Each structure stands twice: as structure tokens, then as C-alpha cells.
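Now for the letters of each chain:
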Amino acid sequence: MKYRAMRGTRDILPGETRKWQFAEGVFAGVAKRYGCREIRFPIFEATDLFERGIGEMTDIVKKEMYTFHDRKGRSLTLRPEGTASVVRAYLEHSLARRAGVVKLFYMGPMFRYDRPGQGRYRQFHQVGIEFIGSPDPQADVETLEILVGFLKGLGLRNLETRINSLGCPVCRPGYQQSLRDALAGITSSLCEDCIERVERNPLRVLDCKQEKCRLQFGKLPVMLDHLCGECDDHMKRVEEMLGGIRLPYRVDPLLVRGLDYYTRTTYEVHHAGLGSQSALGGGGRYDGLIEQMGGPPTPAVGFSAGLERALLSLDEEGASPDVAENPDVFIAPADETGEREIPGLTHRLRQRFAVERDYRRRNLKSQFKSAADHGARFVIILGEQEVAEGSVAVKDMESGEQAKVPLSAIEEWLEANLASL
Ligand code: HAM
């Protein structure tokens, strides 16, 4: 074969797209019930936006961006995530003026040059939420409610919510120093990436997935023990509220996330059946990002979730929705007269029903086969005799029974019989 989809990308074929539409519909439904409105932003942005937004030292910026130069020599990058773009759009269009808290949702493809594997792609799809403008822990909890509500709305059961706090510019530097000191004692047993991280971004060490590093982490100090009074209160209120709405969670002091903009609350929801790529979604608070991108100090919190992983988990749980796309009715001409009537009748019925037909002028028996292949429950048969009588024959493919229905009343007949299925 001459051409194939690029490694790490995949086609979503017609048999699957219904699942995607279902998932996107569930997400948009939950998001709207929490008062979020949709935002759509470009697939590429200035490279600098992501470097500054996500953090120069993160794996995403250092190793995973699809960066290229356009014909005028500008450095552009395919969006690896949505938060930086949402903040850019929020500032560019002064969205802040229109409402106290701006609550946005988005869905679409993201691009990361990662090693492809189960649940990890180079083009993948996220749904996401950003609440901009509230420092209140209720906003943290509501965004997490949306994430969990979405995943449960898909039908998923084996979910695990993990939360942590990453502190703020008041308490984090002191913690980072004590982490750096502790790491200095074990540097020789860390992987090369971690050795590099110790100086420039010690928190990121805790995100390392290598077994030899993880074995050491039990001995390290954790942010939760170094929170300032305000961050500690914030965390306590988040936990209280999660208890109040009975959302089960586990505090995970090693949950540091792969992007640099987080402050205070961070969270992830994992699925038990997904192996190493088990994070279905993650997010948290990013109170410093908007100011860092040139805006006024503005607190914000949000998350995004990967649709591929959510759908894989549904398959894994055997909970994928029934995604049959059967036509309501199949129309089969019985002869030349029927053929002539077909375009008019299909056009008329398609104003209300999903109508399938055969385009090959074949005999009735072959057309019934084709109707069965399409999963049509009813077949309308139309020939010289029916046209003369002003009626059609409707065959029920399940019972094999055939009814004669006046042509003028066919919509009502279909309406009534489809509704009773
Ligand atoms: P993230 O944790 O980098 O966060 O990505 C969120 C989710 O996207 C992951 O939990 C995972 O399900 C999915 N995902 C990430 N990379 C891949 C990949 N290579 N293949 C398949 N799925 C993937 C963010 O992107 C932040 N912008 C979330 C956020 C929003 N924080 C605040 N607001």
C-alpha cells in the first residue's frame, strides 16, 4: 500500500464515529448543565505561547511539540493542549468583562510527538473545561465534578480520582528547596532525565515513570506537608466539599502533573483497566498563568480528558453504547414503474426518516438482502400494481409480514410502527 496514516494518528471510521458523537454529546451536555459555553480556537499558534504557557522545562515543550516554520519564517506549533490557547483567546477578546466567572468548554484534536502505544497517540482528542476568574475551591470541585460526571455519563465505573495540592508562590519555593536537598542525596540512583530535573524543576522528578526512580520517592518530602496556611485551607475545603457530594477520591502526594502552570489543587481521574496510560483526564488550578501571559492577576481552574482513552476504557468495561446506525426504512422498487417513483418517494420520506435504498437496479430478493445488511426493520415495496392502486407494500423484516398502506398515509404508518419498536 502506497499511503498509510502517519504513525501515532488514526482514522476514526464510520463504524466508530457514532461512539465519538455519543461521547462528545455526553460531554457537551454535562458542561452545559454547569453553565459552560463552547469555545473553538485554532489548531496552531505561535510556538512562544506554548513555551511560556506550558513551561520550557516540561516534556511537552522540550520533546513533544510539532513545531514548524511557515513561509514567512514564523515559528508555529500544533496545539499540544488547550489551556494556553483558551487563556490567549480570553485575553485577546477581553472575555473577562462579560461575566464574573467565565466558564468555557472545548473539544478537538491535540498533537504531541510522543512514543505511540496503547492509549497514546500523536494526534489525540481532548474535551476540556476552563473556569476563569474564581479563586474559590468550589470552582475546583465543580470542574472535577464535570470530569467525573462526564466519565460516568459515558457509562464508566472503574474510576479512581486522585487529588493533590502543588501550593503557591508563597510556599512552593521553600518546598522545592527541601526537595532539591533530599534529591541531592539520591541523585546517583535516579535516571538521566531526573538528574537534569533536580536543579531546574525538582517537582517534575516526582512525575517520572521509571521504576528505579519511583522506588526512591517514598523517602522524599511532599508538598502537602509544606503548604502555607491559605493553601492548606484551600485543600481542606476542597476535600470537605468532595465529601459533601460523596465523590470518592484518594490524596496522592506524588501527583504533580506534566505542565508547569499549576498552583494549589491538581487532580486526575484514572481507569483501572488501562495499564500505564491510565489517566483519563487531569487538571487543576492555574492562578498564575493569566498574569504570566500578560493579563491581570486572574485565578483559574480546569481540566481536559482524552477521548481515545475514555472510549478504550468503555470497551475494556464492555460498556460501549449500542451504536447501530440502522435506517428507519429501506425502499425497494419491484419493477421499472417502481424505479421511476423511487426518487420522489425517497425524497419525500427523507424529510422525516432515515431512508436507505439500493442504487443498482437489482431484483427484489437481492434488495431484501441489502435491506437486511443495512439493518432496516421495514422495507417499502413499490411496483406497477402499487402505483396503480396508490399504495405501497411494507414488509416487516422481523416477522416477514407484509401490510398494504395507502401512499398518502405512509409517513403516519412509519411513525406509529417505528415508535412501537
Ligand atoms: P494533560 O494531563 O496533559 O492535561 O492531558 C489531559 C488528558 O489528555 C490526559 O489525561 C489523557 O487522557 C489525554 N492525553 C494526553 N496526551 C495524550 C496522548 N499522547 N494520547 C492520548 N491521550 C492523551 C492537559 O492537557 C491540560 N491542558 C489540562 C488542563 C486544563 N489543566 C487545566 N486546564
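In what follows, the structure referred to is the one given above.
None of these values were measured; they are calculated from a predicted model. (Residues numbered from 1 in each chain as written. Predicted model: local features only at pLDDT ≥ 70, side-chain atom pairs only at ≥ 80, totals over all residues. Heavy atoms only, no water.)

## Quick word on the sheet that holds strand β9 (residues 263–271)
Spatial ordering of the open sheet is given by β1-β5-β6-β11-β10-β9-β7-β8, a layout of eight strands whose pairing is mixed. A strand with exactly one partner marks an edge of an open sheet, and here the two such strands are β1 (37–38) and β8 (250–251). Direction of pairing for strand β6 (residues 123–132) relative to strand β11 (residues 300–306): antiparallel, over a ladder of seven bridges. Directly across from I132, in β11, lies its bridge partner A300. (Pairing = 2+ DSSP bridges. Helix = DSSP H or I, 4+ residues; strand = E, 2+ residues; numbered from the N terminus.)

## Digging into the sheet that holds strand β16 (residues 402–406)
The mixed open sheet is built from five strands, whose spatial order is β13-β12-β14-β15-β16. Pairing within the sheet leaves two strands with one partner each, and these edge strands are β13 (355–357) and β16. Between one strand and the next, the sheet's axes are offset by a mean angle of 30 degrees, whatever the strand orientation. Where strand β14 (residues 378–382) and strand β15 (residues 391–396) come together, four bridges link them in antiparallel fashion. Bridge pairing in β15 links I381 to A393. Against the sheet, helix α14 (residues 364–374) touches β12 (329–333), β13, β14 and β15, its axis set at about 170 degrees to β12. Across the sheet, helix α16 (residues 410–419) lies against β12, β14, β15 and β16, angled at about 160 degrees from β14, the strand it touches most. (Axes fitted to C-alpha atoms, helices over the stretch in contact; angles between N-to-C directions. Contact = heavy atoms within 4.5 Å.)

## Quick word on the layout of surface pockets
Of the voids in this model, the second largest pocket is the one considered here, and its volume is about 300 Å³. When contributions to the lining of the second largest pocket are tallied by element, the ones reaching two or more residues are α2 (47–54), α6 (172–184), α8 (202–205) and α11 (289–292). At four residues, the largest contribution of residues to the lining of the second largest pocket is made by α6. Along the lines of polarity and charge, the residues of the lining of the second largest pocket split into eleven nonpolar, seven polar and six charged. (1 Å grid on protein atoms, 1.4 Å probe; cavity = no way out; pocket = protein on both sides within 12 Å on 5 of 7 lines; lining within 4 Å. Points joined across faces, edges and corners; volume = space filled by probe spheres on them. Nonpolar A, V, L, I, M, F, W, Y, C, P; charged D, E, K, R; others polar.)

## Some words on the environment of L254
Positionally, L254 belongs in the loop between β8 and β9. Looking at L254, the relative accessible area reads 22%, which means it is partly exposed. As a C-alpha pair, L254 and T58 span 196 residues in sequence and 16 Å in three-dimensional space. Those residues in contact with L254 that lie beyond four places of it in its chain are N164, L206, R214 and F217. (Buried < 20%, exposed > 50% of the residue type's maximum accessible area, 1.4 Å probe, protein only.)

## Side note on the site of the ligand
In the vicinity of the ligand, 26 residues are found, and the nearest of them are E81, Y121, E130, R257 and Y262. For the ligand, a nitrogen atom lies 3.0 Å from a polar atom in the side chain of T83. Note that an oxygen atom of the ligand is positioned 3.2 Å from one of the backbone N or O atoms of G306. The fraction of the free accessible surface of the ligand (660 Å²) that becomes covered by protein chains is 95%. Only β6, β10 (279–285) and β11 provide two or more residues apiece to the shell around the ligand. Broken down by element, the residue count for the shell around the ligand peaks at six residues, all from β10. Partitioning the shell around the ligand into residue classes produces ten nonpolar, ten polar and six charged. (Near = heavy atom within 4 Å. Polar contact = N/O pair within 3.5 Å; in protein donor to acceptor, adjacent residues only side chain to side chain. Areas by Shrake-Rupley, 256 points an atom, 1.4 Å probe, with all protein chains shown as cover.)

## Thoughts on the side chain of Q277
Mapping Q277 onto the fold places it in the loop between β9 and β10. Classification of Q277 as buried rests on a relative accessible area of 16%. Looking at Q277, its side chain comes within polar contact range of the side chain of R309, at 3.0 Å. The residues touching Q277, leaving out its near neighbours within four places in the chain, are Q118, G119, R120 and R309.

## Focus on the environment of V394
Mapped onto the fold, V394 is located in strand β15. Residues V394 and P248, spaced 146 residues apart in sequence, show a C-alpha to C-alpha distance of 53 Å. Aside from chain neighbours lying at most four places away, what touches V394 is F378, V379, I380, E401, Q402, A403, V405, I410 and W413.

## Side note on the packing of aromatic side chains
Taken as a whole, this structure holds nine aromatic pairs when the rule is applied. Measuring from centroid to centroid gives 5.4 Å for F41 and Y106, while their planes differ by 70 degrees, and the two rings are edge-to-face. Taken as a pair, F41 in the loop between β1 and β2 (44–46) and Y106 in strand β5 (residues 102–111) lie far apart in primary sequence, 65 residues in all. For the pair formed by F41 and Y106, the shared burial category is buried. Taking 5.6 Å as the distance between ring centres and 70 degrees as the angle between the ring planes, the aromatic pair formed by Y66 and Y113 counts as edge-to-face. Of this pair, Y66 sits in the loop between α3 (59–63) and β3 (67–69) while Y113 sits in the loop between β5 and β6, and the two are 47 residues apart along the sequence. (Phe/Tyr/Trp six-rings, centres within 6.5 Å; stacked < 30°, edge-to-face > 60°.)

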